[in-house]
2 protein chains.
Amino acid sequence: MKKKQTVTIYDVAREASVSMATVSRVVNHNHNVKPETEQKVLNVVKKLNYRPNDVARGLASKKTTTVGVIIPNVTNSYFAALARGIDDIAEMYQYNIILTNSDGDEKKEIKALNTLYSKQVDGIIFMGNDISDEVREELRNVRTPVVLAGSVDPKNEFPSVNIDYRKAIYAQFNKLFENGNDRIAFIADNLSRSINKDYRIRGYQDALKDAGVPFRKSLLIEATDVSYESGYKLQERLIKSGATAAIVSNDDVAAGIMNAMGDNRINVPEQFEVATSDNTQLTEMTRPTMSTITQPLYDIGAVSMRLLTKVMDNEEIENNNILLSFGLKKRESTKD
Amino acid sequence: MKKKQTVTIYDVAREASVSMATVSRVVNHNHNVKPETEQKVLNVVKKLNYRPNDVARGLASKKTTTVGVIIPNVTNSYFAALARGIDDIAEMYQYNIILTNSDGDEKKEIKALNTLYSKQVDGIIFMGNDISDEVREELRNVRTPVVLAGSVDPKNEFPSVNIDYRKAIYAQFNKLFENGNDRIAFIADNLSRSINKDYRIRGYQDALKDAGVPFRKSLLIEATDVSYESGYKLQERLIKSGATAAIVSNDDVAAGIMNAMGDNRINVPEQFEVATSDNTQLTEMTRPTMSTITQPLYDIGAVSMRLLTKVMDNEEIENNNILLSFGLKKRESTKD
DNA sequence: GGCTTGAATGAAAACGGTTTCTCTGCTATT
DNA sequence: AATAGCAGAGAAACCGTTTTCATTCAAGCC
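**Examining the packing of helix 6 (residues 106-118) of chain A against helix 7 (residues 133-141) of chain A**
The angle between the axes and the distance between the axes are what describe a pair of packed helices.
Residue and element names in this part refer to chain A.
At step 1: Contact pair helix 6 / helix 7: the axes reach a minimum separation of 10 Å and the direction vectors enclose 5 degrees. The angle between helix 6 and helix 7 places the two elements in the roughly parallel class. Across the interface between the two elements, Glu106, Glu109, Ile110, Leu113 and Asn114 of helix 6 pack against Glu134, Val135, Glu138 and Leu139 of helix 7.
At step 2: When its residues are assigned to classes, the contact of helix 6 with helix 7 shows four nonpolar, one polar and four charged.

Structure representation (structure tokens):
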């Protein structure tokens, strides 16, 4: 009938006839403890199967070795890929991840921020495309380092890791333009969000201007959300708009559009070209496969976590707003 | 120059001229505090913008309102869907989620378990298809409630939420058999894992027996991993095996097989039928779309989190091993 | 030989809450 | 009027560490 009371640092100290301080030093690999003493303590630790209580540790040291991650939806492959990058690097630096789904909803984001704050996380990685003013305010309030991953901040107030969305769309537009399209639609789930308004659409307009093609508002199309279904439903409207090609900001939506085209006997890419943005695995799974901007998804997550560790350690940061390089991958949904 | 020292319960107590105990009571919505006093405290709380420190709380109360979630890979749509269900219910019950990727690797699983243990999580949800003996041992050691989600335990030692994999495969086999196939392959990433060996393959054999079809070992095919690529590479072997249909245990793998068939001018479903198992969104995105077992993915996660709350609260549990109902969805990759 | 120095250790004060007791006054009961 | 009972509040112990500061002791130095 061994009743397993949790064994504390005090138990170890007593059993090893040393003070708690010494045990603490040993456990934390501190210098200044004689090898023999260390060994003695270590033996007792093993014998008693002592495991430090991280909560007590957190209270005393004011560090929880935990970082909060706010993600719109784990179920979204784009963000899931980032999350994986984040977790891998976090683990490498001995941090754990508290994951919270926000659905990109301001209220939920703020609530999550407050919870994480209460939980005393050492840092926060925020994903959500962009940040509203209220969220910005809250982000300032939680006095813990924040890094934005795959999420823009036009004011560059917070450290962030992204690709250059503006240039990416610019490049993609030009490809399609070279293929002979002069009516190219741009599709995103929310055109007024900063990531679209201030970056992608600008890139779109840059290209328009360079190509000497007039801007048509009707070619800017908003999807109801980032889902396959919403893309599927968009197909008709897309054809009616007179567009012959589309740049889509999300792979699921793009897949929906493409399949709807196929189901309506419109050939992709012969009759309509589709280019997408995230290079998630889905781009290889559809038929035709999808041409896309290539983003280093995993790396965006990984780099932002690494950046966060630097901020948490007060290291000198050369560049707060990191832009990772992107590429263009030609697959079957575009002509060239 | 307001220097923002963190405000503690003590500050609130002083400012409101009450004791810490009273503040604590108010903050925790405890009975036994006069409405006026409560209001007075509440005012100070607001004025000082006091936020309880969850770490201190956790130490004192021995509850962290945090549960650990071990997931093979967030990037896997099947598990991501479960994770979403888990997080939603967790949030509903005021818990947060510490998410750890294990890659289904025993070493990482054990390490994660230990970390979670140190962090004093109130409970753990384990995903990983099945559990090795070492993990089982560790699962016993962490003296915190554990629930398995989408992961079998032949010994039924731990509470779990699943579908009846054996019956599901049985039903699926029969469909394909009725369609005229008598050489039906079964494909999984690891045939010796319990979930396959003890459940799916048994279902497969049950069906074989009922149908009076002899068992052919060559029709049991192991994929190198659960990925689109590994499925794609399997196609040739599949044809050589003489099979005319396949039951696949993972949607990504199934998509790979199907696309490889298409790329090699083998018509699905006319020349080869493919049925898959997870009903992730991918099943609707491929062309042809995929027939599949329908699993309530989100619900498996949600129900297991709910179950965990019950275990954590020491509630009476009527059924420790929950089987959610599954279905069969006919799409384009099978004939009928 | 006295004094400085530094390594090794211990004592005890935080850390910021929860919770158990205990103590007041009232109100209700008889 | 005396007493029981209870609501409301405070004092202080406790949760399990880290960390500061003090102490001891031996070696090194002139």
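From this point, things continue past the structure.
**So, the relation of the copies chain A and chain B**
At step 1: Structural alignment of chain A on chain B gives an RMSD of 0.1 Å, achieved by rotating through 180 degrees and translating 0.1 Å along the axis. Both chain copies can therefore be described as sitting about a two-fold axis. No C-alpha of chain A lies nearer the rotation axis than that of Ile98 of chain A, which sits 2.2 Å from it.

**Quick look at helix 2 (residues 20-27) of chain B**
All names here are of chain B.
At step 1: Of all the residues in helix 2, the buried ones are Thr22, Val23, Val26 and Val27. All buried residues of helix 2 fall inside an arc of 135 degrees around its axis, so they share one side.
At step 2: Packing partners of the buried residues in helix 2 comprise helix 1 (9-16), helix 3 (35-48) and helix 4 (54-61).
At step 3: Where helix 2 ends, the next residue or the one after it, His29, has phi of about 55 degrees, a positive value.

**Description of the protein's contact with DNA strand D**
At step 1: By nearness alone, 29 residues border DNA strand D, and Ile9 and Ser24 of chain A together with Thr22, Arg25 and Thr37 of chain B come closest of all.
At step 2: Sugar plus phosphate: this is where 65% of the atoms of DNA strand D within 4 Å of the protein reside.
At step 3: In this structure, Arg57 of chain A approaches DNA strand D through a side-chain N or O atom, which is 2.9 Å from a phosphate oxygen.
At step 4: Within the backbone of Ser19 of chain B, an N or O atom sits 2.8 Å from a phosphate oxygen of DNA strand D.
At step 5: Breaking the surface near DNA strand D down by element, the ones donating at least two residues are helix 2 (20-27) and helix 4 (54-61) of chain A together with helix 2 and helix 4 of chain B.
At step 6: Residue classes in the surface near DNA strand D are distributed as 12 nonpolar, 11 polar and six charged.

**Concerning the interface of chain A and chain B**
At step 1: Each partner contributes residues to the interface: chain A has 50 residues there, and chain B has 50 residues.
At step 2: Of the roughly 4600 Å² buried at the junction of chain A and chain B (both faces included), carbon and sulfur atoms supply 46%.
At step 3: Run the count over chain A and chain B and you get six salt bridges.
At step 4: For Lys111 of chain B, the salt bridge goes to Glu91 of chain A, with nearest N and O atoms at 2.6 Å.
At step 5: Between the two partners, chain A and chain B, sit 32 residue pairs in polar contact (both at pLDDT 80 or more).

**Digging into the packing of aromatic side chains**
Residue and element names in this part refer to chain A.
At step 1: Taken as a whole and assessed by the stated rule, the structure comprises 10 aromatic pairs over all chains.
At step 2: Pairing Tyr228 with Tyr232 gives two aromatic rings, centres 6.1 Å apart and planes at 45 degrees, and the pair type is tilted. Linking Tyr228 with Tyr232, this pair stays in helix 10 (residues 228-240), spanning four residues, or about one helical turn.
At step 3: Of the aromatic side chains, those joined through ring pairs into one cluster are Phe173, Phe177, Phe186 and Tyr204.

What counts as what
- Residues numbered from 1 in each chain as written.
- Chains lettered and ligands numbered in written order.
- Predicted model: local features only at pLDDT ≥ 70, side-chain atom pairs only at ≥ 80, totals over all residues.
- Heavy atoms only, no water.
- Axes fitted to C-alpha atoms, helices over the stretch in contact; angles between N-to-C directions.
- Helix = DSSP H or I, 4+ residues; strand = E, 2+ residues; numbered from the N terminus.
- Parallel < 35°, antiparallel > 145°, perpendicular 65-115°, else oblique.
- Contact = heavy atoms within 4.5 Å.
- Nonpolar A, V, L, I, M, F, W, Y, C, P; charged D, E, K, R; others polar.
- Least-squares fit on C-alpha atoms with pLDDT ≥ 70 in both.
- Buried < 20%, exposed > 50% of the residue type's maximum accessible area, 1.4 Å probe, protein only.
- Arc of directions from axis to C-beta.
- Near = heavy atom within 4 Å.
- Polar contact = N/O pair within 3.5 Å; in protein donor to acceptor, adjacent residues only side chain to side chain.
- Buried area = accessible area lost by both parts, 1.4 Å probe.
- Salt bridge = Lys/Arg side-chain N within 4 Å of Asp/Glu carboxyl O.
- Phe/Tyr/Trp six-rings, centres within 6.5 Å; stacked < 30°, edge-to-face > 60°.

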